[in-house]
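Examining the three-dimensional arrangement
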Amino acid sequence: MYDTSVDSIRFTNKPCQGTVNENVGIGTSVLTVTSSGPGSAVYEIVGGNSQERFEINQGTGEVKTKGKLDYEFKRIYKLAIRAKYQATPEMADDIVCTVTIKDLDDEKPRFAFLSDPEKVTVEGYTPAGTNIIKVEYTYSWFPLFLSLCVMSFVVAKRNLGCK
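Conventions and cut-offs
Residues numbered from 1 in each chain as written. Predicted model: local features only at pLDDT ≥ 70, side-chain atom pairs only at ≥ 80, totals over all residues. Heavy atoms only, no water. Helix = DSSP H or I, 4+ residues; strand = E, 2+ residues; numbered from the N terminus. Buried < 20%, exposed > 50% of the residue type's maximum accessible area, 1.4 Å probe, protein only. Contact = heavy atoms within 4.5 Å. Areas by Shrake-Rupley, 256 points an atom, 1.4 Å probe, with all protein chains shown as cover. Salt bridge = Lys/Arg side-chain N within 4 Å of Asp/Glu carboxyl O. Pairing = 2+ DSSP bridges. Axes fitted to C-alpha atoms, helices over the stretch in contact; angles between N-to-C directions. Core = buried A, V, L, I, M, F, W, Y, C linked by side-chain atoms within 4.5 Å.

**What to know about the overall build of the chain**
Secondary structure assignment for the chain yields zero helices and twelve strands. For the chain, the α and β elements follow one another from N to C terminus as β-β-β-β-β-β-β-β-β-β-β-β. Taking all 163 residues of the chain together, 28% fall into the buried category. When contacts within the chain are restricted to residue pairs at least 6 apart in sequence, those whose partners lie at least 24 apart make up 60%. When the accessible surface of the chain is summed, it comes to about 10,600 Å², and 52% of that surface belongs to carbon and sulfur atoms.

**Considering the pattern of salt bridges**
In total, this model carries three salt bridges according to the counting rule given. We note a salt bridge from Lys-84 to Glu-44, for which the minimum N-O separation is 3.4 Å. Taken as a pair, Lys-84 in strand β8 (residues 76-85) and Glu-44 in strand β5 (residues 41-47) lie far apart in primary sequence, 40 residues in all. With relative accessibility at 18%, the residue Lys-84 sits in the buried group. Owing to a relative accessible area of 26%, Glu-44 belongs among the partly exposed residues under this scheme.

**A word on the sheet that holds strand β3 (residues 29-32)**
Across the sheet, which stays open at both edges, the three strands sit in the order β3-β7-β6 with antiparallel pairing between neighbours. Because the sheet does not close on itself, it has two edges, and the strands there are β3 and β6 (54-56). Across the sheet, the mean angle from the axis of one strand to that of its neighbour is 25°, orientation sign disregarded. Relative to strand β7 (residues 62-65), β3 is paired through three bridges, and the arrangement is antiparallel. Following the sheet pairing, Thr-32 is matched in β7 by Glu-62.

**What to know about the nonpolar core**
Membership of the largest hydrophobic core comes to 24 residues, with the highest contact counts inside it found for Leu-31, Val-33, Tyr-43, Phe-54, Ile-81 and Val-99. Sorting the residues of this core by element identifies β2 (16-21), β3, β5, β6, β8 and β9 (91-102) as the ones contributing at least two each. The contacts of Phe-54, once residues within four sequence positions are left out, are Val-30, Ile-45, Asn-49, Val-63, Lys-64, Thr-65, Lys-66, Leu-69, Tyr-77, Leu-79 and Val-99.

**Some points on the pairing of β8**
Counting buried residues in β8 gives seven out of ten residues, a clear majority hidden from the surface. As paired elements, β5 and β8 share six bridges and run antiparallel to each other. When the bridges of β8 are listed, Glu-44 appears paired with Arg-82. Sheet topology places β8 next to β9; ten bridges connect them, and they run antiparallel. Following the sheet pairing, Ala-80 is matched in β9 by Val-96.

**Some words on the sheet that holds β8**
Strand order across the open sheet formed by four strands is β2-β9-β8-β5, with mixed pairing between neighbours. Two strands lie at the open edges of the sheet, namely β2 and β5, each paired on one side alone. Sheet twist, expressed as the mean angle between neighbouring strand axes with direction ignored, is 30°.

Written as structure tokens, this is what we have:
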């Protein structure tokens, strides 16, 4: 049982937030929590870290990456961090820290043309609604292929010539 009285412990960095690029190396510093209370604090992550992407230094409150971060899978983590102080009774307080993952252009899209992409000729008598070219681009990661966009170019009205 912890005394969670507001007067006993105070986190000094509110709001608690950090930003880190996706694909950074393990051990990259993300943020540091600080608190004041009687004696020295012991910090631990008590929530929001189900995939164990982060770890905390129990003495300093520094949060570092422990696993791979990927913006395309999760963009924001809400880590619940507890500061415990040895006192009688033992005191603790929690803070929620938001970690935002920044997107990097780490995966170039691949284009698949379903007709000749270099030259498209549309004859003047081509009926409206005729599909003339279809372009699709995809990202490939983990090991899925995700189709993000399919564009079709269609004759909108009868081609009467250029002006």
